[in-house]
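The residues making up each chain are set out below.
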Amino acid sequence: MADGDGDGDGGGGGGVDVGRGRGRGGLEAEAGRAGADAGVRRLPEGAAGSGERVSGAVAPEVMPFIRAADEVEPRNPRVAFLLGCTARKPKTNFVEVRTFLHIFRSFNRMWMFFILAFQAMLIVSWSSSGSLSGITDGTVFRNVLSVFITAALLNFMKVTLDIVLTVQAWGSMEWTKIVRYLLKFVVAVAWIVILPLTYSSSLKNPSGAGKLINGWIGNWYNESIYNFAIVIYMVPDIFAALFFLLPCLQNAMERSNWHVIGLLMWWIQPRLYVGRGMHEDILSILKYVFFWAVLLMSKLAFSFYVEISPLIVPTKFILDQEHGNYEWHQIFPFLPRNLGVVITIWAPILLVYFMDTQIWYAIFSTVFGGVSGALSHVGEIRTLGMLRARFKSMPEEAFGKCSVATHREQQRAHEKRSFFFVWNSFIHSLREEDLISDREKHILMAPSSSSSISVTQWPLFLLASKVPTALHMAMNAKEGDDHELIEKIKLDRDRYNAVIECYESLMIILDGLLIDYNDRKIVSDIDKKVSTSMRNKTLLDDFQMAEIEKVNATLANLLQLMAKKPSILKDESERKQSFTNLNMNLIMDTSWREKFIRLHLLLTMKDAAMDVPINLDAHRRITFFGNSLFMKMPKAPRVQDMISFSVLTPYYNEEVLYSSYELNRKNEDGISILFYLQKIYPEDNFLERVGVDPDHEETLKARMDDIRLWASFRGQTLARTVRGMMYYRQALKLQCHEDMINEQADLGGEEAAWSNAIADAKFTYIVSCQLYGMHKASKDPREKNLYENILNLMLTYPALRVAYIDEKEVHLPNGKIEKQYYSVLVKGDDEEIYRIRLPGKPTEIGEGKPNNQNHAIIFTRGEALQAIDMNQENYLEEAFKMRNLLDEFLITHGKSKPTILGVREHIFTGSVSSLAWFMSNQETSFVTIGQRVLANPLKVRFHYGHPDVFDRIFHLTRGGISKASKVINLSEDIFAGFNSTLRGGNVTHHEYIQLGKGRDVGMNQISNFEAKVANGNGEQTLCRDIYRLGHRFDFYRMLSLYFTTVGFYFNSMVAVLTVGWPGERIWQSIGRVHYHATSASSCQLQLAPVFFTFHLGTKTHYYGRTILHGGAKYRATGRGFVVRHAKFAENYRMYSRNHFVKALELLILLVVYLAYGSSYRSSSLYLYVTISIWFLTVDDWIDWWKWMGNRGGIGLAPEQSWEAWWVSEHDHLKNATIRSLLMEFILSLRFLIYQYGIVYHLHIVHGNKSFMVYALSWLVIATALVSLKVVSLGREKFVTRLQLVFRILKGIVFLVLISLLALLFVAFDLTVSDVGASILAFIPTGWFILLIAQLCGPMFRRLVIEPIRMLCCPCATGDACRGPCCAKFRQRTGAVLRKMGPWDSIQEMARMYEYTMGLLIFLPIAVLSWFPFVSEFQTRLLFNQAFSRGLQISRILAGQNGSGSKRD
């Protein structure tokens, strides 16, 4: 059944549903038909390789293209399709309209609840008692019942919005839906008439509006009629509450095809395939209802007692006062009973009331998340000490879930052996990743080979210092105290076992090492003597324990010598000695060398090895792996029986592998990426592994390929991601081999080949390299290097597959050339496997990243699919648990089995810088506590671009995992979660497995990321998915949806508005002015709140602008290390509109407040704080000045010219609607308040309050504009040939302005303070003129040009035409407008404002740059401490050596 919505391209591709089953036969047959239809060209069997096939795909990602191609003109369908010259499919149910009213429309039940609750609390507080007990009073209770009138009015507003926002779709909408909208409107109008009439009739002595209404109905009094009306009004809600407690019945009704039930459900919701049967089971409902019930009670109690009640008495007092002595031109006297003052007091409280639920949610989610984590055993092992305490219980108690044993009687032995096998593989991977040293590896590993030791051999970190301690006890023991000595040793069971292992290992080593019979007999006699002494308890009498330390030292030297593979030489001339005939082959054997090293460490480790491993990342991984084994997870199946899965990674043109040039290239401070990495990640373990002396430069140069890999595996590169994902295959191979050992399978020596075959059958990894074909054919050195690096990855990992979009020009029979696009899959040495013909270029039809996934998803195999971004990595120890995670698909969670398995992440870039540390903490809190609560108990977890695992068959048959419609699906990841939930899916979250993820590490990178996410949330606010979820969820899940998605950004905007409300705390927002430097802080100074406050402004700016005007776009954040100097011009472009302008606006408001306002406390503190936080350390004034002065924006990038940047900053207004332009105009009117208020305080007006004063003040603005226009015309006419004339013209303009100013001083008593006040008044007015000028162009185009173009367009396609006719029309009209209007003058005026703003920002920089300690302080704040220390040392060495050594 199709989606049934028919919303065109507005909400993303719908997809085709072929049922909910997971059967294989029909799906495989359908895949063959789909391949034939889509143009699949299968290569010969030999080229495909073993096991290569296309499985499980109807290709829903290709189907939207095919449908669109069928709609285009038959002449040249492909060109018409790509140019978009066909009429769009009309909307049939939902229309995306850019307005903030979507917040109310999608979540109207929430807003009604809060508004009605506020009204009820206000009525109760206003009563004589002022307490909640006052509601028992009949009059108060009757007044409280008036909330139903408000509810009817709000419902009328909602129904009206439904009609207004969907009227564009009525031409193609089904008549039943139109009737439904109209009937709802009629019912809403009826209730807003009935309820007020019945309410007024229930009052004995009505007043105000009630008295007026009562007069209309003839003073009819009936107290019960209103109650009866309320009961009838509440009948639908009562039934909804009953069905809410019966979710199974409600799900059955929504999915029923009975006509009676269909008619009933028709009134409640439109008949669509999606959004039906989404109600959870009763236990899940009780859990999230409890969460929100407690939260709402706490919030409402706080609002009643802290926000509302304290303001009642002051409000009554203000209302009872007479009008104050206000000046006539102010607003307040025009409102009766001082309502202006009351509004000013209550407005911030009202904003806080609607916003603070977000704060309560943060508190409660933290508490509930902490409790849930504790119950799930999260964080039980956080330190190595905790790991030691529980390590011995891991094989039996914990690891049994991760291993498979066929015979119950062998379970314990298999679990212990399997655990040691996995543990050693894990430790080996840590060594290969250079996270631990060789010594640490030997300390952490368990013995890998079986031996005849009578005790269990645990890793050495559990036995550290045990043997030296026992030797010390023996040396100090007295003769005859054998029993006491043994009992002391037995007090620590590990110590006793270590002594036994040490002695038995020594005997085994000597027995294998010695060849001569006499030598072996001597050792045997000593062994018998020791055994006899132990039995007779005469050990202390028979042996001199004082000499045991010398024996220990000699034995340790021997073991150390054998561990290094020595060449032992004998002097044949000497007499024959004992113990010289040794088995040298034994020394060369790896398993025996392991015994030597283990025994040597047992004898010599005198510390407790509490700091092993030293590396914090290795420490974290070991403790998490140990902790995860005690968490709840499914029993692991055999590899042969596990669910098969694929991993898909989209790649564009990011770094694959760092080149030697990139690593050694130095910035302006002499810092290279390699130097940066060496200070953050010490390379000692790496040098030890490759066996290179760091002082030998030639040897280091020869190892440059290894150094490149070492550096790339510490950055956010594709090589790191591929290595991590290929751990899955390695883990499956090892686990398959272990399964065969447990089953005692006899494969005739083919175990390795069998393991490889099963691993390849169960796991597929595809990297969708969108531009791989272009890089292959490119001559650009960087692009060619990217191609070669990807090719090397395929050769290194033979199981890796690469998909890319291939573009070819084909000569048609009619002689024309046509571009054809293919989706191609290659492997190995660029060997092509599949080639699928596409009807168009996917990345031009929709967003780039999601369509990069969509074109390659057909090549994936298996039942599960993991979406992995290019900045993620995996770990071998976590890959071992993938079998357990995939088995979650077979377990019912709540009402159904999951369709998306959420996985936690570790942010591995947290150590790079302080900013990265802040982002790491923020992200970690979201991917742990945040998502834990979203999944359980709230049941609103979606997909957030993290390494979630999808039920592949479920999603391929229901629209795919990546909606890719332009703009609206900018944040394509969360739409996958929306789509899964709307189509009956279930999203869970599991924390016993984690993957690594990199985040943005620089300030500008982070700001770009926040802007991208805010843009995406702005588009989500308008989309149909949020609307459907907001209406199909029950009330409590709807609350969870709101406060965890778009509500967070809307409340952030309300928070900024609340803080910016004129009042005593306005200075807090000024702190955003220069935060792009001061946010670089460390935890020592606790500046993280300032960092997040700064980005609160970023979120607010881009979220609000997206909803009003659109302009959302993908922003490449950059994933490299930030070791370069960000120039002031770059920072200015980045933060000018979203921070600097708003902050300087508030700064002007603060100065006005200090100059003309009065406060009950000192206002000098505000100015002091503002100046103290004005901190920036950038020293490239010349670059910024050059950028500002570069004229000519045509053909230049925004980074090259201020004019080009200024034009690009207003691109979002080009597609703005008339409604959004009018809203922007209304918001801009606030800048006129300054001039209106200040001009009447000037001395030159002599106290005159007439309107003519304000009108004459505009002459100043007119004079300034005329002067700018004269200068602009002069530059255009004379600057090229008559430069002297142009200078004379500018001088004349300057003299005229000075003369006018002098005239005002002499003739009209203008004062110096008036000049300063006028600047404060006219600067905001000039900015208002700039804003209005920017709006005039789009407004004129919408109202005049576009209607004319639609009438004259020969294509007759209306607004959808993008052909050359209309393009030429737009170009000509734009040129005419530029010639006719004062655009040049406006541009010069804007340039003057930008110069002024830049000077104000740069002024403290010039002062601070004189102090050398500022640079050092900034470095300590910005970067990792190890790097900061290394940088300072390198500077000292460079100063001593002149230019520094090559090593530096």
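Here the structure is a predicted model, which is why all the values come from computation and not from measurement.

Draft legend 1. Fine view of the nonpolar core. Counting residues in hydrophobic clusters, the biggest one holds 117 residues, and the most contacted among them are W423, F645 and Y772. Leaving out residues up to four positions away in the same chain, F645 has contacts with Y728, L732, K762, F763, T764, R861, G862, A864, M882 and L886. Of all hydrophobic cores here, the second largest spans 100 residues; its members include L116, F118, Y288 and Y353.

Draft legend 2. View of helix α61 (residues 1283-1307). With 25 residues, α61 should reach 36 Å at 1.5 Å per residue; the first-to-last C-alpha distance of 36 Å fits that figure. D1309 sits one or two positions beyond α61 and adopts a positive phi of about 60°.

Draft legend 3. View of the pattern of salt bridges. For the structure shown, the criterion picks out 46 salt bridges. As a salt-bridge pair, K158 and D162 come within 2.8 Å of each other at their nearest N and O atoms. Of the two residues, K158 and D162 both sit in helix α8 (residues 147-166), four residues apart, roughly one turn of that helix. The pair K158 / D162 is uniform in exposure class, with both members buried. With a shortest N-O distance of 2.5 Å, E738 and R417 are connected by a salt bridge. Pair noted here: E738 is in helix α36 (residues 727-743) and R417 is in helix α18 (residues 411-432), with a separation of 321 residues, a long-range link. Judged by relative accessible area, which is 31%, R417 ranks as partly exposed.

Draft legend 4. Region of interest: unusual backbone geometry. The linkage connecting V612 with the following residue, P613, adopts the cis geometry, with an omega of 0°. Here P613 is to be found in the loop between α28 (590-604) and α29 (616-628). Of the consecutive residues N936 and P937, the connecting peptide bond is found in the cis state with omega at 20°. Along the chain, P937 falls in the loop between α44 (914-935) and β10 (949-951). Of note in the backbone geometry, D434 takes a positive phi value of approximately 65° without being a glycine. Relative to the assigned elements, D434 resides in the loop between α18 and α19 (438-444). A relative accessible area of 6% places D434 in the buried class. Positive phi is not limited to glycine here, since S465 has a value of about 70°. Relative to the helices and strands, S465 is located in the loop between α20 (460-463) and α21 (466-476). We classify S465 as buried; its relative accessible area is 15%.

Draft legend 5. Quick look at the environment of L384. Within the secondary structure layout, L384 lies in helix α16 (residues 384-390). For L384, a relative accessible area of 7% corresponds to the buried category. Residues L384 and R620 lie 236 residues apart in sequence; the distance between their C-alpha atoms is 9.2 Å. Those residues in contact with L384 that sit more than four places away from it in its chain are M610, V612, P613, H619, I622 and T623.

Draft legend 6. Molecular detail of the side chain of R983. On the secondary structure map, R983 appears in the loop between α46 (972-982) and β11 (987-997). A polar contact is formed between the side chain of R983 and the backbone oxygen of R958, at a distance of 3.4 Å.

Draft legend 7. Structural context of the side chain of R1133. Following the sequence through the fold, R1133 ends up in helix α54 (residues 1128-1156). With near-sequence residues (within four places) excluded, R1133 lies in contact with W1187, P1198, E1199, W1205 and E1209.

Draft legend 8. The arrangement of the packing of aromatic side chains in detail. For the structure shown, the criterion picks out 61 aromatic pairs. Ring centres of W292 and Y361 lie 6.1 Å apart, and the angle between their planes is 15°; this geometry places the pair in the stacked category. Here the residue W292 occupies a position in helix α14 (residues 282-320), and Y361 occupies one in helix α15 (residues 339-375), the gap between them amounting to 69 residues. A relative accessible area of 8% means that Y361 is categorised as buried.

Draft legend 9. Main features of the environment of K776. Within the fold, K776 resides in helix α38 (residues 772-777). A sequence separation of eleven residues divides K776 from Y787, and the C-alpha atoms of the two residues are 5.6 Å apart. Discounting chain neighbours no more than four positions away, the residues touching K776 are K784, Y787 and D830. Among the polar contacts listed, one links the side chain of K776 to the side chain of D830, at a separation of 2.7 Å.

Draft legend 10. Inspection of the pairing of β11 at higher detail. The element β11 is extensively covered by neighbouring structure, given that eleven of its eleven residues are classed as buried. Strand direction decides the pairing type here: strand β8 (residues 872-873) and β11, joined by two bridges, are antiparallel. Within β11, the residue paired with E873 across the bridge is G996.

Draft legend 11. Broad picture of the packing of α8 against helix α9 (residues 175-201). Direction vectors running N to C along α8 and α9 enclose 160°, while the axes themselves pass 9 Å from each other. When the interaxial angle is binned, α8 and α9 end up roughly antiparallel. As for the relative orientation of α8 and α9, their crossing is left-handed in sense. Residues F148, I149, A152, L153, N155, F156, V159, T160, D162, I163 and T166 of α8 form the contact with α9, whose own contacting residues are Y181, K184, F185, A188, V189, W191, I192, L195, P196 and Y199. Residue composition of the contact of α8 with α9, grouped by class: 16 nonpolar, three polar and two charged.

Draft legend 12. Local environment of the pairing of strand β6 (residues 831-838). Across seven bridges, the pairing between strand β5 (residues 817-827) and β6 is antiparallel. From the neighbouring strand, Y821 faces β6, where its bridge partner is L838.

Draft legend 13. Representation of the packing of α36 against helix α37 (residues 751-762). The interhelical angle for the contact between α36 and α37, taken along N-to-C directions, is 130°, at an axis separation of 8 Å. The angle between α36 and α37 falls in the class oblique. Once α36 is placed against α37, the crossing between them reads as right-handed. Contacts between α36 and α37 involve R729, L732, K733, C736, H737 and M740 on the former and, on the latter, E751, W754, S755, N756, I758, A759, D760 and K762. For the contact of α36 with α37, the per-class residue count stands at six nonpolar, three polar and five charged.

Draft legend 14. Highlighting a negative patch on the surface. On the surface, a cluster of negative charge is made up of D693, D695, E697 and E698. Summarising the element assignment, D693 is placed in the loop between α32 (684-690) and α33 (697-702). Overall, the relative accessible area of 34% leaves D693 in the partly exposed class.

About the criteria used
- Residues numbered from 1 in each chain as written.
- Predicted model: local features only at pLDDT ≥ 70, side-chain atom pairs only at ≥ 80, totals over all residues.
- Heavy atoms only, no water.
- Core = buried A, V, L, I, M, F, W, Y, C linked by side-chain atoms within 4.5 Å.
- Buried < 20%, exposed > 50% of the residue type's maximum accessible area, 1.4 Å probe, protein only.
- Contact = heavy atoms within 4.5 Å.
- Helix = DSSP H or I, 4+ residues; strand = E, 2+ residues; numbered from the N terminus.
- Expected span 1.5 Å × (residues − 1).
- Salt bridge = Lys/Arg side-chain N within 4 Å of Asp/Glu carboxyl O.
- Polar contact = N/O pair within 3.5 Å; in protein donor to acceptor, adjacent residues only side chain to side chain.
- Phe/Tyr/Trp six-rings, centres within 6.5 Å; stacked < 30°, edge-to-face > 60°.
- Pairing = 2+ DSSP bridges.
- Axes fitted to C-alpha atoms, helices over the stretch in contact; angles between N-to-C directions.
- Parallel < 35°, antiparallel > 145°, perpendicular 65-115°, else oblique.
- Left-handed = near helix turned anticlockwise from the far one by under 90°.
- Nonpolar A, V, L, I, M, F, W, Y, C, P; charged D, E, K, R; others polar.
- Patch = residues over 30% accessible without salt bridge, like charges linked within 9 Å, V, L, I, M, F, W, Y side chains within 5 Å.
- Areas by Shrake-Rupley, 256 points an atom, 1.4 Å probe, with all protein chains shown as cover.
- Lys, Arg positive; Asp, Glu negative; His and termini not counted.
- Charge placed at Lys NZ, Arg CZ, Asp CG, Glu CD.

By themselves, these are just geometric observations and shouldn't be taken as functional.
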